[in-house]
Amino acid sequence: SGATCSSLLFCPEKRISANVGDSRCVLGKFDGKNWKAKNLTRDHKLNEEDEKKRIIEKGGRIEAYKDEEGDFVGPERVWLKGENLPGLAMSRSFGDDIAHSVGVVSQPEILEYKLLNEDKFILLASDGIWEFISSDECVNIVKDYYLKDDIDGALNYLYKESSKRWIMEEEVIDDITLIIMFLN
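Owing to the predicted nature of the structure, the values given are computational and were not obtained by experimental measurement.

Chemist: Just to check I follow, could you spell out the nonpolar core for this structure?
Modeler: Nonpolar side chains in soluble globular proteins tend to end up buried together. In terms of nonpolar packing, the biggest core is built from 20 residues, with Leu123, Ile129 and Leu158 touching the most fellow members. Taken together, the elements giving at least two residues each to this core come down to β9 (119-125), α3 (127-130), α4 (135-147), α5 (151-169) and β10 (178-182). Top element by residues in this core is α4. It accounts for six residues. Beyond its immediate stretch of four places on either side in the chain, Ile129 contacts Cys138, Leu158, Ser162, Ile176, Thr177 and Leu178. Judged by nonpolar contacts, the second largest core, of ten residues, contains Ile55, Ile62, Met90 and Val102.

What follows is the structure, given as structure tokens:
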């Protein structure tokens, strides 16, 4: 039923990100005083007006899942007009033929970024991380491990923390895939 992908191409003067779905690439920056997160990709969620417009124009229906009592639960999802499928919670994915029939696309969004001296690390992660940990919080967690040059510690902590938050909120844990690169 589809997959997402965030990728990053390292060129001599710039970084080029390509993204499909709700995986994300985030840059950890330090300006000498403050740590900040800069998203190098955009999540393809249904609250993005351009993404929502494409789905509706192609005949898709956008609304949250309805429980047994008819109450909306969770995020907005893509549905066929008259059926409760596929229920995809993003506007771009690879390999979901049903969702593609109503405007979900697999075309990546490509962005460029020139690295600066204040750029310290990059995180590429699936929504298993981003569902309950914001980009800013993630950078604030990883910075402590960056300062100790402990990339394994950062990976392990984020995996355990995101797993713990999934268990607190849901009955299942989504895919948790994470890559961290320390830059300098």
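Chemist: When you look at the sheet that holds strand β4 (residues 35-39) in this model, what are you seeing that I'm missing?
Modeler: Strand pairing in a sheet relies on backbone hydrogen bonds. The paired strands run either parallel or antiparallel. The strand order across the open sheet built from four strands is β4-β3-β9-β10, with neighbouring strands paired in antiparallel fashion. Only two strands of the sheet have a single neighbouring strand rather than two, namely β4 and β10. This sheet shows a mean twist of 20° between the axes of neighbouring strands, independent of strand direction. Relative to β9, strand β3 (residues 24-30) runs antiparallel, the two being bridged by six bridges. Directly across from Lys29, in β9, lies its bridge partner Asp119. Helix-sheet contacts for α4 involve β3, β4, β9 and β10, and the interaxial angle to β4 is about 125°. Against the sheet, α5 contacts β9 and β10, and its axis sits at roughly 150° relative to β10.

The rules behind each value
- Think of each chain on its own: its residues are numbered from 1, step by step along the sequence as written.
- In view of the model being predicted, local features appear only for residues whose pLDDT reaches at least 70, and side-chain atom pairs are presented and counted only at 80 or more, with totals across whole chains, interfaces and linings using the full set of residues.
- The side-chain quantities take in all heavy atoms of the structure and omit both hydrogens and water.
- Definition used in this section: a nonpolar core is a set of buried Ala, Val, Leu, Ile, Met, Phe, Trp, Tyr and Cys residues joined via side-chain atoms within 4.5 Å.
- Accessibility here uses a 1.4 Å probe with only protein chains present; expressed as a share of the type maximum, an area under 20% marks a residue as buried, one over 50% as exposed, and anything in between as partly exposed.
- Helix and strand definitions follow DSSP, with helices as H or I runs of at least four residues and strands as E runs of at least two, each counted in order from the N terminus.
- Contact between two residues is taken to exist if any of their heavy atoms lie within 4.5 Å; hydrogens are not considered.
- In this analysis, strands are considered paired if DSSP registers two or more bridges between them.
- Axes here mean lines fitted to C-alpha atoms, for a helix over just the part in contact, with angles spanning 0 to 180 degrees between N-to-C directions.

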